[in-house]
Amino acid sequence: MSTQAEHRRQIGIDSKKARQASGRAMRDDLRALSGSPRIREPLPVVPKRGKAGAVRGVSSAVREGQSGGRGISGEITEVGRESGPAIIVLPEGGFFAYLVLPVKSITFEDEQGLELKMNLQPPSYDAFPPSEPEP
């Protein structure tokens, strides 16, 4: 019969053989021979929760030639008008008649030669309904 000390030694030998059979020892030996340590990438930085501190904002300006509108530079000058069809307005009493040439659009030009066209709604003469002149 074996003693307890021999039994423990046998357990140690069996454990060693089991580790070698699993390939763990071979993997550890290959890593030791390769000479390149494991490269550990840093963990991503997670912003703090709660209130954020004050930060100065940054913006980019839209330059000429880039997409986006640019404002009218300087003063604008009228360069043309387009009129609509003539309208005859007869007030309620019929004593006067008005011939109106409503403005359909106005064209402007700024200091840099940029053209601006303003289209207008046709006028409404509901306050002066057309009536037949009395004989």
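The residue numbers shown here count from 1 along each chain, following its written sequence. In keeping with the model being predicted, local features are shown solely for residues with a pLDDT of at least 70 and side-chain atom pairs are shown and tallied solely at 80 or more, while totals for entire chains, interfaces and linings include all residues. Water and hydrogen atoms play no part in the side-chain values, which are based on all heavy atoms of the structure.

## Notes on the overall build of the protein
What counts is decided by this rule: By the criteria applied, helices consist of DSSP H or I runs no shorter than four residues and strands consist of E runs no shorter than two, each listed in order from the N terminus. Partly exposed describes any residue whose relative accessible area lies between the buried limit of under 20% and the exposed limit of over 50%, with all areas from a 1.4 Å probe on protein chains only and scaled to the type maximum. Residue-level accessible areas treat just the shown protein chains as cover; the underlying method is Shrake-Rupley with a 1.4 Å probe.
Broken down by element type, the protein carries two helices and five strands. Counting from the amino terminus, the protein carries its helices and strands in the arrangement α-α-β-β-β-β-β. Within the protein, the proportion of its 135 residues that are buried is 9%. Total accessible area computed for the protein in this model is approximately 13000 Å², and 55% of it derives from carbon and sulfur atoms.

## Overview of the side chain of Asp110
Rules: Think of a polar contact as two N or O atoms within 3.5 Å of one another; within protein, one of them needs to be a possible hydrogen donor and the other a possible acceptor, and neighboring residues in sequence only count if both atoms come from side chains.
Relative to the helices and strands, Asp110 is located in the loop between strand S4 (103-109) and strand S5 (115-119). A polar atom in the side chain of Asp110 sits 3.2 Å from the backbone nitrogen of Gln112. Looking at Asp110, its side chain comes within polar contact range of the main-chain nitrogen of Gly113, at 3.1 Å.

## Brief notes about helix H1 (residues 4-22)
Rules: Take the number of residues in a helix, subtract one, and multiply by 1.5 Å to get its expected span.
Between its first and last C-alpha, H1 extends 27 Å over 19 residues, near the 27 Å set by a 1.5 Å rise per residue. Backbone geometry just downstream of H1 places Gly23 in the positive-phi region, at approximately 90°.

## So, the pairing of S5
The condition is simple: Two strands pair under a simple rule: DSSP has to find at least two bridges between them.
When you tally the buried positions in S5, you get zero out of five residues, a small fraction of the element. One ladder, built from five bridges, connects S4 with S5; its direction is antiparallel. Residue pairing across strands places Thr107 opposite Lys117, the latter belonging to S5. Hairpin geometry of S4 and S5 is characterised by an intervening segment of five residues between the two adjacent antiparallel strands and by a positive phi of about 90° at Gly113.

## Focus on the pattern of salt bridges
How we decide: Only one rule defines a salt bridge in this text: a Lys or Arg side-chain nitrogen within 4 Å of an Asp or Glu carboxyl oxygen.
For the coordinates displayed, the defined rule picks out two salt bridges. The residue Glu78 makes a salt bridge to Arg81 at a minimum N-O spacing of 2.7 Å. For Glu78, a relative accessible area of 38% gives the class partly exposed. Two residues, Glu82 and Lys104, come together in a salt bridge whose shortest N-O distance is 3.9 Å. Linking Glu82 in strand S1 (residues 77-83) with Lys104 in strand S4, this pair joins segments that are 22 residues apart in sequence. Look at Glu82 and you get partly exposed, because its relative accessible area is 36%.

## Overview of the confidence of the model for the protein
Formally: Per-residue confidence from the prediction method is given by pLDDT, with values spanning 0 to 100.
Residue-level pLDDT values for the protein average 77, and 80% of them are 70 or greater. Here helix H2 (residues 24-34) is the element of the protein with the lowest mean pLDDT, 75, and S4 is the one with the highest, 92.

## A few points about the sheet that holds S4
The strands making up a sheet associate through hydrogen bonds between their backbones, and the pairing can be parallel or antiparallel. Put simply, the test is: Axes, fitted as lines to C-alpha atoms, cover a helix only where it is in contact. Angles between the N-to-C directions of the axes lie from 0 to 180 degrees.
Pairing is antiparallel across the open sheet formed by three strands, whose spatial order is S1-S4-S5. Of all strands in the sheet, those bounded by a partner on one side alone are S1 and S5. Averaged over all pairs of adjacent strands, the angle between strand axes in this sheet comes to 20°, irrespective of strand direction.

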